[in-house]
Amino acid sequence: MTPPLDLATRAVHAGRDDLADLGVHALPIDLSSTYPFSDLDGATASLDALVSGDKTAPNPVYARLHNPTVARFENALADLEGAEAAVAFGSGMAALTAVLLAARADGGHVVGTRPIYGTTDHLLTCELMGLEVTWTDPGGVADALRDDTCLVITETPANPTLALVDIEAVVAQAGGVPVLVDSTFATPVLQRPLEHGAALVMHSATKFLGGHGDVVGGVVACGEEWARRLRGVRVATGALLHPLAGYLLHRGLATLPLRVERAQATAATLAARLVDHPGVEAVHYPGLPGGDPAGLVGRQQDGPGTMLGLTVAGGYDAARAVVEAVTLMTPAVSLGSVDTLVQHPAGLTHRVLSDGAREEGGIAPGLLRLSVGLESADDLWADLAAALAVTLEAEVATAE
């Protein structure tokens, strides 16, 4: 019996099964907006199949319904997540919206755990989807359920505090209610939520899956039953991922394990150094002592990850000064790129939340979020230490 291939090997080869038959080595890009037919009955049957949620059909008919380049990326991501299927969308928020629309048929109530990505929080709270939401911490999911609860949503590691959520514990509390896990921060390299009982795993593919800051997309990996529902929503809403984005995301998967492992090593180095810095009140990183109280690293997550948070002494003004003082790191939202990004959650990614929601999620005015890239750890540390020194000098000047 042939042993299963390692994830690093599958990341290189997944979704490429048809390339040899096509006689090509590089991934082809199909940019067609429409597909000719010679058999009207066959085209009609293809249309009916795709509208009803089938994975493929003899004729794609129209690019809003199906695209072969996107389908290869979906097959590859499903392989890495251990899923029956994956469905790709034009952005991570489009992917979440599709899940919510599909779940809406089963009830009008959602349970969400905080902290979570700010726009996810906002989409659920603003009532645009016609859903009621109950926010809770991960230990309160069971008490938050109602008869009409159609979905439980959690994120681990959580954005932006890096708190880890025990997926199996959440699934146990949810009972028969499906659980969606946003696993963007972890990627399938470090965490595969379906192995722990989740029904769906979502990624903002813009981040680590693409990995170079040049593509926007979202993807949900799940069982085929859910996938059919999501494809149906995608057909109706026109949210299919663009084929060029599908190509870039598929290409990005080949180097995903290498990028995650390298950035993770650097993140661990920076976190350890930040702990002792006088300009830092707290460091949020699962790899530090006390950063993983439930012992999920090694049991659920295969490493502490590439993301870290630091609470700067001096609050908002000091955090702003750090962001504006770095010269090597890129002050920008998003994450998972080859370069290191630093941003201020309370002022940017989580600004759409109410003050109470930010406080509930532990999103302090002095909190910064770092997405560690592939630069030298020493170079990054020199940049960050110099920026932190600016805040310390300002404190001394103010005190004098």
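Peer 1: It is not clear to me how the layout of surface pockets should be interpreted in this structure. Could you clarify?
Peer 2: If you roll a probe as big as a water molecule over the atoms, it shows you where there is empty space left. Here the largest pocket is characterised by a volume of approximately 290 Å³. Together, 21 residues line the largest pocket, and Met93, Tyr117, Asn159, Ser204 and Lys207 are the ones closest to its centre. At the level of secondary structure, the elements contributing two or more residues to the lining of the largest pocket comprise α5 (92–103) and β6 (200–204). Class assignment of the residues belonging to the lining of the largest pocket gives a composition of seven nonpolar, ten polar and four charged.

Peer 1: Just checking my understanding: could you explain the pattern of salt bridges for this structure?
Peer 2: It is possible for side chains bearing opposite charge to pair when their charged atoms get close. The tally for this structure, following the rule as stated, stands at 16 salt bridges. The closest approach of N and O atoms between glutamate 74 and arginine 234, which form a salt bridge, is 2.7 Å. Placement of glutamate 74 in helix α4 (residues 68–81) and of arginine 234 in helix α10 (residues 224–237) is noted, with a sequence separation of 160 residues between them. No difference in accessibility class separates glutamate 74 from arginine 234, as the two residues are buried. One salt bridge connects glutamate 224 with arginine 231, and the closest N-O pair in it is separated by 2.8 Å. On the basis of relative accessible area, glutamate 224 is assigned to the partly exposed category, the value being 25%. The network of salt bridges with shared partners includes Arg114, Asp121 and Glu360.

Peer 1: Would you mind going over the packing of aromatic side chains with me for this structure?
Peer 2: Two aromatic rings, taken as a pair, are described by how far apart their centres are and by the angle between their planes. Counted by the stated rule, this structure contains zero aromatic pairs. Here the basic side chain of arginine 229 rests over the ring of tryptophan 226, its NZ or CZ set 4.5 Å away from the ring centre.

Peer 1: I tried to follow the nonpolar core on my own but got confused; where do I start?
Peer 2: The nonpolar side chains of a soluble globular protein tend to be buried with one another. Residues Phe73, Val152, Leu209 and Val219 are the most contacted members of the largest nonpolar core, which totals 51 residues. Per-element tally for this core: the top contributor is α4, with six residues. Beyond its immediate stretch of four places on either side in the chain, phenylalanine 73 contacts Ala88, Leu209, Val219, Leu241, Gly246, Leu249, His250 and Leu253. With 30 residues, the next largest nonpolar core counts Met129, Leu151, Leu200 and Ala239 among its residues.

Peer 1: Quick question: what am I supposed to make of the packing of α5 against helix α6 (residues 118–125) here?
Peer 2: The relative placement of two packed helices is expressed as an angle between their axes plus a distance between the axes. Here α5 crosses α6 at 35°, and the two axes come no closer than 11 Å. Crossing hand, α5 versus α6: right-handed. Of the residues in α6, those in contact with Met93, Leu96, Thr97 and Leu100 of α5 are Thr119, Thr120, Leu123 and Leu124. Of the residues in the contact of α5 with α6, the class split is five nonpolar, three polar and no charged.

Peer 1: Looking at this structure, how should I read the sheet that holds strand β5 (residues 179–182)?
Peer 2: In space, the seven strands of this open sheet follow the order β1-β7-β6-β5-β4-β2-β3, with mixed pairing throughout. A strand with exactly one partner marks an edge of an open sheet, and here the two such strands are β1 (85–89) and β3 (132–136). Taken over all neighbouring pairs, the strand axes of this sheet differ in orientation by 20° on average, direction set aside. Where strand β4 (residues 149–155) meets β5, four bridges bridge the pair, whose relative direction is parallel. Residue pairing in the sheet places isoleucine 153 in a bridge with leucine 180 of β5.

Peer 1: I tried to follow unusual backbone geometry on my own but got confused; where do I start?
Peer 2: The phi torsion of most residues other than glycine is negative, and most of the peptide bonds are trans. In this chain, threonine 156 is followed by proline 157 through a cis amide linkage whose omega measures -10°. Relative to the elements of secondary structure, proline 157 occurs in the loop between β4 and α8 (167–174). In this structure, the amide linkage connecting asparagine 159 to the following residue, proline 160, adopts the cis form with an omega of 10°. Positionally, proline 160 belongs in the loop between β4 and α8.

Peer 1: When you look at the side chain of arginine 114 in this model, what are you seeing that I'm missing?
Peer 2: Of note, arginine 114 is situated in the loop between β2 (109–113) and α6. A distance of 2.8 Å separates the side chain of arginine 114 from the side chain of aspartate 121, its partner in a polar contact. Once you skip the residues sitting within four places of it in the chain, arginine 114 turns out to touch Asp121, Thr125, Trp135, Thr136, Pro138, Ala357 and Glu360.

Peer 1: Can you help me understand the sheet that holds strand β10 (residues 330–331) in this one?
Peer 2: What holds strands together in a sheet is hydrogen bonding between their backbones, with the strands either parallel or antiparallel. Read from one edge to the other, the open sheet built from five strands follows the order β8-β9-β12-β11-β10, with strand pairing classed as mixed. Because the sheet does not close on itself, it has two edges, and the strands there are β8 (280–284) and β10. Where β8 lies against strand β9 (residues 307–312), four bridges are found, and the strand directions are antiparallel. By the bridge assignment, valine 280 is partnered in β9 with valine 312. Packed onto the sheet, helix α13 (residues 315–325) meets β9, β10, β11 (341–343) and β12 (367–371) and runs at close to 130° relative to β9.

Peer 1: Would you take a moment to explain helix α3 (residues 40–51) for this structure?
Peer 2: Since the α-helix turns once every 3.6 residues, residues separated by three or four places project in the same direction. If you check α3, its first and last C-alpha atoms are 16 Å apart, about what twelve residues at 1.5 Å a residue would give, namely 16 Å. Taken together, the buried positions of α3 are Ala43, Ser46, Ala49 and Leu50. Seen from one end, α3 has its buried residues packed into an arc of 125°, which puts them on one side. Turned more than 90 degrees away from the buried face of α3 sit Leu40 and Asp41, all of them exposed. Packed against the buried residues of α3 are α10. Count one or two residues on from α3 and you reach glycine 53, which has phi positive near 105°.

Reading the values: rules and limits
- Residues numbered from 1 in each chain as written.
- Predicted model: local features only at pLDDT ≥ 70, side-chain atom pairs only at ≥ 80, totals over all residues.
- Heavy atoms only, no water.
- 1 Å grid on protein atoms, 1.4 Å probe; cavity = no way out; pocket = protein on both sides within 12 Å on 5 of 7 lines; lining within 4 Å.
- Points joined across faces, edges and corners; volume = space filled by probe spheres on them.
- Helix = DSSP H or I, 4+ residues; strand = E, 2+ residues; numbered from the N terminus.
- Nonpolar A, V, L, I, M, F, W, Y, C, P; charged D, E, K, R; others polar.
- Salt bridge = Lys/Arg side-chain N within 4 Å of Asp/Glu carboxyl O.
- Buried < 20%, exposed > 50% of the residue type's maximum accessible area, 1.4 Å probe, protein only.
- Phe/Tyr/Trp six-rings, centres within 6.5 Å; stacked < 30°, edge-to-face > 60°.
- Lys NZ or Arg CZ within 6 Å of the ring centre and 35° of its normal.
- Core = buried A, V, L, I, M, F, W, Y, C linked by side-chain atoms within 4.5 Å.
- Contact = heavy atoms within 4.5 Å.
- Axes fitted to C-alpha atoms, helices over the stretch in contact; angles between N-to-C directions.
- Left-handed = near helix turned anticlockwise from the far one by under 90°.
- Pairing = 2+ DSSP bridges.
- Polar contact = N/O pair within 3.5 Å; in protein donor to acceptor, adjacent residues only side chain to side chain.
- Expected span 1.5 Å × (residues − 1).
- Arc of directions from axis to C-beta.

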